[in-house]
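Here are the chains, one letter per residue:
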Amino acid sequence: GAVVSQHPSRVICKSGTSVKIECRSLDFQATTMFWYRQFPKQSLMLMATSNEGSKATYEQGVEKDKFLINHASLTLSTLTVTSAHPEDSSFYICSARMGQGPYEQYFGPGTRLTVT
Amino acid sequence: AQTVTQSQPEMSVQEAETVTLSCTYDTSENNYYLFWYKQPPSRQMILVIRQEAYKQQNATENRFSVNFQKAAKSFSLKISDSQLGDTAMYFCAFMKQEDSGAGSYQLTFGKGTKLSVIP
């Protein structure tokens, strides 16, 4: 149980286009979902926190108009990278929190975005 | 704001031996949680072990155990009987206790330690 999926696992897009990444909790309802960015050989950097039905809370320095997050249901959150540039190329990871406690946070397998 | 420091970028250990990964953190919070996550080459983050700050007893999970020193703000991970499958990046993470049950419970990660288990 407690599986989080991400789609796609890899995506290549042209500079200037937009790309959407989906994060789904497959067997539980996620009260909160988190989006992270990970550069090669570096740690996870939290981009934003989203709760179902409300606007996402973005970390300082993350452009909310560029990284659009929608958490339309308790099992689905999407991250849309708008007007992508090569510097947006990175590994994007989502995680989902189950319940109200501090422990139940499960990670997706990540999405590799390459902007050409 | 909380910070998590992992001072060992890379480590190696012989198969079946024991290795300890270091982690220190800085916080003004009294109630919090600490975690070790493993990220193998597949990039899938896996929870290894967690520790509640209010518990004095060190957490253990099979071959994995921690040495939690609250006063020193230290949280090291010991891996016993290392196996080839333990080869991965290991991230130490901090989570503060939220004031309400509906808090976001965000994780703050260290930079990671790359562990290689040598056959």
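Residues numbered from 1 in each chain as written. Chains lettered and ligands numbered in written order. Predicted model: local features only at pLDDT ≥ 70, side-chain atom pairs only at ≥ 80, totals over all residues. Heavy atoms only, no water.

Trainee: How would you sum up the pattern of salt bridges? Please name residues and give values.
Mentor: Oppositely charged side chains can pair when the atoms bearing their charge come close. Residues and elements named next belong to chain A. Here the structure, examined in full by the defined rule, presents 5 salt bridges over all chains. The salt bridge involving K66 is made with D88; its shortest N-O contact spans 2.8 Å. Residue K66 is located in the loop between β6 (57–58) and β7 (67–73), and its partner D88 is located in the loop between β8 (76–81) and β9 (90–98); the two are separated by 22 residues in the primary sequence. We classify D88 as buried; its relative accessible area is 4%. (Salt bridge = Lys/Arg side-chain N within 4 Å of Asp/Glu carboxyl O. Helix = DSSP H or I, 4+ residues; strand = E, 2+ residues; numbered from the N terminus. Buried < 20%, exposed > 50% of the residue type's maximum accessible area, 1.4 Å probe, protein only.)

Trainee: I'd like a rundown of the pairing of strand β12 (residues 113–118) of chain B, residues and numbers included.
Mentor: All names here are of chain B. Residues T113, L115 and V117 of β12 are buried on one face, while the alternating residues K114, S116 and I118, pointing to the opposite face, are not. As paired elements, strand β2 (residues 10–14) and β12 share 5 bridges and run parallel to each other. Across the sheet, residue V13 finds its bridge partner in β12, namely V117. One ladder, built from 3 bridges, connects strand β10 (residues 88–96) with β12; its direction is antiparallel. Across the sheet, M89 pairs through a bridge with K114, a residue of β12. (Pairing = 2+ DSSP bridges.)

Trainee: Please set out the packing of aromatic side chains residue by residue, giving values where relevant.
Mentor: This structure, assessed with the given rule, holds 14 aromatic pairs over all chains. With a centroid separation of 6.3 Å and an interplanar angle of 70°, the aromatic rings of F107(A) and F109(B) are classed as edge-to-face. One end of the pair, F107(A), is in strand β10 (residues 105–107); the other, F109(B), is in strand β11 (residues 108–109), on a second chain. The same class applies to F107(A) and to F109(B), which are both buried. When the ring of Y25(B) is compared with that of Y32(B), the centres are 5.4 Å apart and the planes differ by 65°; the resulting orientation is edge-to-face. According to the relative accessible area criterion, Y25(B) is buried, its value standing at 5%. (Phe/Tyr/Trp six-rings, centres within 6.5 Å; stacked < 30°, edge-to-face > 60°.)

Trainee: Break down the interface of chain A and chain B for me, citing the residues and quoting the values.
Mentor: Facing the 21 residues of chain A at the interface are 22 residues of chain B. Together chain A and chain B conceal approximately 1,800 Å² of surface at their shared face, both sides included; 52% is due to carbon and sulfur atoms. Counting across the interface, chain A meets chain B through 0 salt bridges. There are 6 residue pairs in polar contact (both at pLDDT 80 or more) connecting chain A and chain B. (Contact = heavy atoms within 4.5 Å. Buried area = accessible area lost by both parts, 1.4 Å probe. Polar contact = N/O pair within 3.5 Å; in protein donor to acceptor, adjacent residues only side chain to side chain.)

Trainee: Tell me about the environment of V19(A), and please be specific about residues and values.
Mentor: Residues and elements named next belong to chain A. For V19, the location among the structural elements is in strand β3 (residues 19–25). For V19, a relative accessible area of 8% gives the class buried. Each C-alpha atom, one on V19 and one on A84, is 7.7 Å from the other, the two residues being 65 residues apart in sequence. Ignoring any residue separated from it by four or fewer positions in sequence, one finds V19 in contact with V11, C13, L79, T80, V81 and L113.

Trainee: Let's hear about the side chain of K66(A): which residues, and what values?
Mentor: Residue and element names in this part refer to chain A. Under the relative-accessibility criterion, K66 is labelled buried at 10%. Of note is the side chain of K66, whose polar atom sits 2.8 Å from the side chain of D88. The residues touching K66, leaving out its near neighbours within four places in the chain, are T80, V81, T82, S83, A84, H85 and D88.

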